[in-house]
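Chain and residue survey
Letter by letter, the chains look like this.
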Amino acid sequence: SQTIHQWPATLVQPVGSPLSLECTVEGTSNPNLYWYRQAAGRGLQLLFYSVGIGQISSEVPQNLSASRPQDRQFILSSKKLLLSDSGFYLCAWSQGIKGYTFGSGTRLTVV
Amino acid sequence: SQQGEEDPQALSIQEGENATMNCSYKTSINNLQWYRQNSGRGLVHLILIRSNEREKHSGRLRVTLDTSKKSSSLLITASRAADTASYFCATGLTTDSWGKLQFGAGTQVVVTP
């Protein structure tokens with residue numbers, strides 16, 4: 001069966017520090033991969049999506065970047081975090097027009 | 001503004017009652033999906049309805065889609081305390097071929113015993 005792993009679950013980082021969030025998918029190949037951010041009590045904002053290794057599309061210009069070094073690995077990074085980067089980050093995968101499978105999320109607090 | 005917007009923003013009901021929430025969107029879609037999110041967790045896919053469908057059922061869930069009004073509704077029948085969660089609609093646009101979804105801000109549902 002397909003599973004998605006996202007870590008860490010929570011993270012507190014100082015302003016100006018780097019960030020690396022990782023997401024891996026098991027049980028499928030060539031999935032579409034997505035990074036979303038959710039502000040408290042709000043909907044989801046699409047940050048990046050990828051349809052293949054090394055193929056990254058950015059939806060919103062920001063302080064973040066994404067990479068897909070392997071077929072089932074999606075990484076969200078920042079060189080220098082800002083206070084406004086705080087939020088709940090969610091990774092998801094899909095294939096075709098089907099429902100997304102989401103990871104359990106990472107709660108990032110930038111202090 | 002977001003493509004999908006849920007209404008109401010919050011809903012409080014008692015166990016056994018039905019819960020209805022609506023979603024309106026702005027541009028042409030090829031599918032609409034509903035998700036549930038328990039507090040502090042990831043989203044769980046509930047149901048997908050394609051643009052050529054008008055109604056779908058899954059257990060206690062019933063989803064309708066009216067493309068002429070650009071709206072959808074999610075009905076939860078005989079609600080339970082475990083249905084307490086936020087519910088989001090998400091739309092897949094006809095202009096997008098990569099399966100991207102745009103999410104609304106959600107409806108927060110509280111079911112009291």
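Our structure is the block above this text.
Throughout, a residue's number is its position along its own chain's written sequence, starting from 1. Here chains are named by letter from A upward and ligands by number from 1 upward, in the order in which they appear as written. Only residues with pLDDT of at least 70 get local features here, since the model is predicted, and only at 80 or more are side-chain atom pairs given and counted; chain-wide, interface and lining totals rely on the full set of residues. With hydrogens and water set aside, each side-chain value is computed from the structure's full complement of heavy atoms.

Residue and element names in this part refer to chain A. Pairing of aromatic rings covers Phe, Tyr and the six-membered ring of Trp, with a centre-to-centre limit of 6.5 Å; geometry is then stacked below 30 degrees between planes, edge-to-face above 60, and tilted otherwise. Tallied over the full model, the rule gives 11 aromatic pairs over all chains. Ring centres of Y34 and Y100 lie 4.4 Å apart, and the angle between their planes is 20°; this geometry places the pair in the stacked category. Here the residue Y34 occupies a position in strand β4 (residues 32-38), and Y100 occupies one in the loop between β9 (87-94) and β10 (101-102), the gap between them amounting to 66 residues. For the pair formed by Y34 and Y100, the shared burial category is buried. Summarising the aromatic geometry, the rings of Y36 and F102 are spaced 6.1 Å apart at their centres and angled 50° between planes, so their arrangement reads as tilted. Helix and strand assignments follow DSSP, with helices taken as H or I runs no shorter than four residues and strands as E runs no shorter than two, numbered in order from the N terminus. Three labels apply to residues, based on accessible area from a 1.4 Å probe with only protein chains included: buried if under 20% of the type maximum, exposed if over 50%, partly exposed otherwise in between.

Residues and elements named next belong to chain B. The set of buried Ala, Val, Leu, Ile, Met, Phe, Trp, Tyr and Cys residues whose side-chain atoms join them within 4.5 Å is what this entry labels a nonpolar core. Counting 23 residues, the largest nonpolar core has M21, L32, W34, L46, L74, I76 and Y87 as its most contacted members. Tallying contributions element by element places strand β9 (residues 85-93) first for this core, with 4 residues. Any two residues whose heavy atoms approach within 4.5 Å at even a single point are treated as in contact. Here Y87 is in contact with E6, M21, Y35, R36, L46, L74, I76, G106, T107 and V109, once residues within four sequence places are set aside.

This part is about the pairing of strand β5 (residues 43-50) of chain B. Residues and elements named next belong to chain B. At least two bridges found by DSSP between two strands are what make those strands a pair. As paired elements, strand β4 (residues 29-37) and β5 share 7 bridges and run antiparallel to each other. Residue pairing across strands places Q37 opposite L43, the latter belonging to β5. Counting the residues between successive antiparallel strands, the hairpin from β4 to β5 contains 5 residues, one of them, G40, with a positive phi of roughly 75°.

Residue and element names in this part refer to chain A. Pairing is antiparallel in the open sheet, where 4 strands are placed in the order β1-β3-β8-β7. This sheet does not close on itself; its edge strands, each paired only once, are β1 (3-7) and β7 (65-70). Taking the axes of each pair of neighbouring strands and ignoring which way they run, one obtains an average angle of 20° across the sheet. Relative to strand β8 (residues 73-78), strand β3 (residues 19-26) runs antiparallel, the two sharing 6 bridges. Bridging from a neighbouring strand, L21 pairs with L76 of β8. Interaxial angles span 0 to 180 degrees and are taken between N-to-C directions of axes, which are lines fitted to C-alpha atoms, for helices over the stretch in contact.

Now for the interface of chain B and chain A. Contact residues are listed per partner, giving 21 residues for chain B and 22 residues for chain A. For the pair chain B and chain A, the summed buried surface comes to about 1,600 Å²; carbon and sulfur atoms form 57% of the total. Salt bridges are counted wherever a side-chain nitrogen of Lys or Arg sits within 4 Å of a carboxyl oxygen of Asp or Glu. Counting across the interface, chain B meets chain A through 1 salt bridge. The partner of K100(B) in a salt bridge is E59(A), and the shortest N-O contact between them spans 3.2 Å. Each polar contact in these results corresponds to two N or O atoms within 3.5 Å; when the atoms are within protein, one needs to be able to donate a hydrogen and the other to accept it, and residues that are neighboring in sequence are counted only if both atoms are side-chain atoms. If you look at where chain B meets chain A, you find 6 residue pairs in polar contact (both at pLDDT 80 or more). Residue assignment for the side of chain B that touches chain A shows that the elements contributing at least two residues are β4 and β5 of chain B. Residue contributions to the side of chain B that touches chain A peak at 5 residues, all from β4(B). Throughout, buried area stands for the accessible area (probe radius 1.4 Å) lost by two parts on being put together, summed over both.

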